[in-house]
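Fold and geometry: a report
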Amino acid sequence: MVLELHIWGPGFSLPSIDAQCLATIAYFSLAVPKDSWVLVASSDPTVSPTHELPALKNGSTWVSRFRNIVDYLRQYSNGAWDLDRDLSALEKADSVAFSSFVESHAQALLDLSLYVTSQNYYNSTSPAYGAILQWPNQWILPPQLHATAKARTEPLGLSSLDLEATEEQRKRDHSAAVAAGRIPQNLISRPRETVTNLLGKTPQQHQFRLEALTGELFVPLEELLDDKTHLLGTTPSSLDCLSVGYLSLALVPDLPLPWLRDAMQRKAPRLSQYIERLRLELFGTVNVADAFNSGANSLLPWQAPERASFARVGTSLLTSLADSTPILKEIRMNNKLRETAECSSAGLSEVESKSLSEYARAQGKDTLLSIATVIGGVAALIGYMAHIGVFSAPQEEEKEEPEEYQVELPKSISANDFLGI
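Residues numbered from 1 in each chain as written. Predicted model: local features only at pLDDT ≥ 70, side-chain atom pairs only at ≥ 80, totals over all residues. Heavy atoms only, no water.

1. Let's talk about the overall build of the protein chain
For clarity, the threshold we go by: The helix count covers DSSP runs of H or I at least four residues long, the strand count covers runs of E at least two residues long, and both are numbered beginning at the N terminus. Three exposure classes are used, based on accessible area relative to the maximum for each residue type with a 1.4 Å probe and protein chains only: buried under 20%, partly exposed in between, and exposed over 50%. Any two residues whose heavy atoms approach within 4.5 Å are treated as being in contact. The protein chains shown are the only cover counted for residues, whose accessible areas, like all others here, come from Shrake-Rupley with a 1.4 Å probe.
Along the protein chain, the regular secondary structure elements total 16 helices and 5 strands. Split into buried and exposed, the 421 residues of the protein chain put 41% on the buried side. For the protein chain, long-range pairs separated by at least 24 residues make up 70% of all intrachain contacts whose partners lie at least 6 apart in sequence. Carbon and sulfur atoms make up 55% of the accessible area of the protein chain, which amounts to about 24100 Å² in all.

Shown next, in the form of structure tokens:
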């Protein structure tokens, strides 16, 4: 049976716009025979039961995310498709440690570079998603991914890269100052800032933080590579796949503000050359048309994705509406958390799975109790208002008709009668 690997579609001359998808493609290219799998740029997380990409489909079985897919391939092939099978115990420990290191540190920098940096997002990242998404996802998913990336990087304190938020905050501060009488009403607004200007005016601790983040990622990997042909020795491992997945998105995209690529080339020149060489060997140069036309000349076994059905379009719209409604969004998040905890491919221990599942169920019960309390309160208020007659129709007061007095005058009257004599 041919395995189907569903991914986010190509972008920036890479076979996918997502780091986890790129890492999984790299692993398949190195470990799995080309005639045993196809690559589907579905770009729709709803195709997988876990609503995550990358997702591997094997008959009725679905497995999501890089690490889970690697484990599944090892079991499915009885170890034949395991790139780490020849590693020593120490090398396997290094692989696990550096894999977690790359995922955590590189994802934060990619979020900052591709999504939080406004000029990069609006001029490059958002159009790249628009080229691979079908309607209505091309209008729904990019803002969601943008918001998620901003939320993930908020603790880093580098919001100065987000021009939109910075400009909105400046306008709020300006309006507050005008309202307080500290600035004349006729003050001319300053021109809109650019990222270059903002970085120049950013507090020193922000600049130091950005330099520290890039150094924390690139310098250890540069030292690990040293003069070897691969990160852990002479043969590629799952760590090499993960590294080429994340670091290709740092090195390859031609962005308006390529500060991440510049930092990588400056701080890790050998690593930059290695990632460039490996990604060309595994991916080549990819066009968007290859993914949708099952390109025979590509290094990758593309299979054109199916067109979205009416039911899937309706599901996307309803899902978007639910995610925009606070109560429904919380219910969906609890259900997804519970399903993930109970999924056998989630990689959780029995204790972790049980604890997380119980937590999700408790959260769901609390949400339903809150909803019932609100509904009960509203019903009681409506009942009380009905009892006191708030909803009764006003009765019109009956107007008394004025009596009509008709004076009948005699036809003839004498002078004596008139004078009362």
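Once you've had a look at it, read on.
2. Section: the side chain of His6
Convention followed: Any N or O atom pair separated by 3.5 Å or less is treated as a polar contact, with the protein-specific requirement of one donor-capable and one acceptor-capable atom, and with residues adjacent in sequence counted only for side-chain atom pairs.
Locating His6 in the fold gives a position in strand β1 (residues 3-6). For His6, a relative accessible area of 8% puts it in the buried group. Among the polar contacts listed, one links the side chain of His6 to the side chain of Glu4, at a separation of 3.0 Å. A polar atom in the side chain of His6 sits 3.5 Å from the side chain of Ser42. The residues touching His6, leaving out its near neighbours within four places in the chain, are Val40, Ser42, Val47, Leu53, Pro54, Ala55, Lys57 and Trp62.

3. Things to note about the confidence of the model for the protein chain
Spelled out, the test is: The predictor's confidence in any single residue is recorded as pLDDT, a number from 0 to 100.
Looking at the protein chain, pLDDT values average 78 and 69% of them are 70 or higher. Of the regions scoring below 50 in pLDDT, residues 166-171 engages in 6 contacts with residues more than four places distant in sequence or in other chains. Note on residues 185-203: pLDDT under 50 across the span, and 26 contacts to partners over four residues away in sequence or across chains.

4. Things to note about the packing of helix α1 (residues 19-31) against helix α2 (residues 66-76)
In plain terms, the rule: Helix axes are fitted to C-alpha atoms over the stretch in contact, other axes to C-alpha atoms as well, and angles between N-to-C directions run from 0 to 180 degrees. In these notes the angle categories are as follows: under 35 degrees is roughly parallel, over 145 is roughly antiparallel, 65 to 115 is roughly perpendicular, and the rest is oblique. Handedness of a helix crossing follows the sense of rotation of the near helix relative to the far helix, less than a right angle counterclockwise being left-handed and clockwise being right-handed. Following the grouping adopted for this structure description, the nonpolar residues are Ala, Val, Leu, Ile, Met, Phe, Trp, Tyr, Cys and Pro, the charged ones are Asp, Glu, Lys and Arg, and the polar ones are all others, Gly among them.
Across the interface, α1 lies against α2 with an axial gap of 9 Å and an inter-helix angle of 20 degrees. Classified by the angle between their axes, α1 and α2 sit roughly parallel to one another. As for the relative orientation of α1 and α2, their crossing is right-handed in sense. Between α1 and α2, the contacting residues are Gln20, Ala23, Thr24, Tyr27 and Phe28 on the first element and Phe66, Ile69, Val70 and Leu73 on the second. Class assignment of the residues belonging to the contact of α1 with α2 gives a composition of 7 nonpolar, 2 polar and no charged.

5. Things to note about helix α11 (residues 269-282)
For an α-helix, the turn length of 3.6 residues means that residues three or four places apart are oriented alike. To keep it simple, the criterion reads: A helix is expected to span 1.5 Å multiplied by its residue count minus one. By arc we mean the arc of the directions from the helix axis to the C-beta atoms, nothing more.
Here α11 is 14 residues long and its end C-alpha atoms lie 20 Å apart, about the 20 Å a rise of 1.5 Å per residue gives. For α11, the set of buried residues is Leu271, Ser272, Tyr274, Ile275, Leu278, Arg279 and Leu282. What you see down the axis of α11 is that its buried residues fit within an arc of 165 degrees, all on one side. Positive backbone phi, approximately 70 degrees, marks Gly284, located one or two places after α11.

6. Some remarks on the nonpolar core
Inclusion rule: Take the buried Ala, Val, Leu, Ile, Met, Phe, Trp, Tyr and Cys residues and link them wherever side-chain atoms come within 4.5 Å; each set so joined is a nonpolar core.
Counting 87 residues, the largest nonpolar core has Phe28, Leu73, Leu112, Phe218 and Leu271 as the members making the most contacts within it. Every residue in contact with Phe28, bar those within four places of it in the chain, is listed here: Leu3, Leu5, Trp37, Leu56, Ile69 and Leu73.

7. Let's talk about the packing of aromatic side chains
This is how the line gets drawn: Here is the rule: rings of Phe, Tyr and Trp (six-membered ring for Trp) pair when centre to centre is within 6.5 Å. Planes less than 30 degrees apart are stacked, more than 60 are edge-to-face, and the remainder are tilted.
Going through the model one piece at a time under the given rule, you end up with 8 aromatic pairs. Ring centres of Tyr76 and Trp81 lie 5.9 Å apart, and the angle between their planes is 45 degrees; on these two criteria the pair is classed as tilted. For Trp81, a relative accessible area of 15% translates into the label buried. An aromatic cluster is present here, built from Tyr72, Tyr76 and Trp81 joined pairwise through their rings.

8. A look at the pattern of salt bridges
Put simply, the rule reads: Here, a salt bridge means any side-chain nitrogen of Lys or Arg that lies within 4 Å of a carboxyl oxygen of Asp or Glu.
By the definition in use, this model includes 8 salt bridges. Its salt-bridge partner being Arg152, residue Asp111 comes within 2.8 Å of it at the nearest N-O pair. Of this pair, Asp111 sits in helix α3 (residues 89-116) while Arg152 sits in helix α5 (residues 137-153), and the two are 41 residues apart along the sequence. The exposure class assigned to Arg152 is partly exposed, which follows from its relative accessible area of 47%. Salt bridges sharing partners connect three or more residues here, namely Glu211, Arg266 and Lys267.

9. Description of the side chain of Ser243
Tracing the backbone through its elements, the reader meets Ser243 in helix α9 (residues 238-251). Take Ser243: its relative accessible area is 0%, and that puts it in the buried class. Not counting chain neighbours up to four residues away, the residues in contact with Ser243 comprise Val102, Leu231, Ser248 and Ile275.

10. Thoughts on the packing of α9 against helix α10 (residues 259-267)
Contact geometry of α9 with α10 gives a least axis separation of 7 Å together with a crossing angle of 110 degrees. Comparing the axis directions of α9 and α10 gives the class roughly perpendicular. Taken together, the residues of α10 that come into contact with α9 (itself represented by Leu247, Ala250 and Leu251) are Leu260, Arg261, Met264 and Gln265. Split by residue class, the contact of α9 with α10 holds 5 nonpolar, 1 polar and 1 charged.

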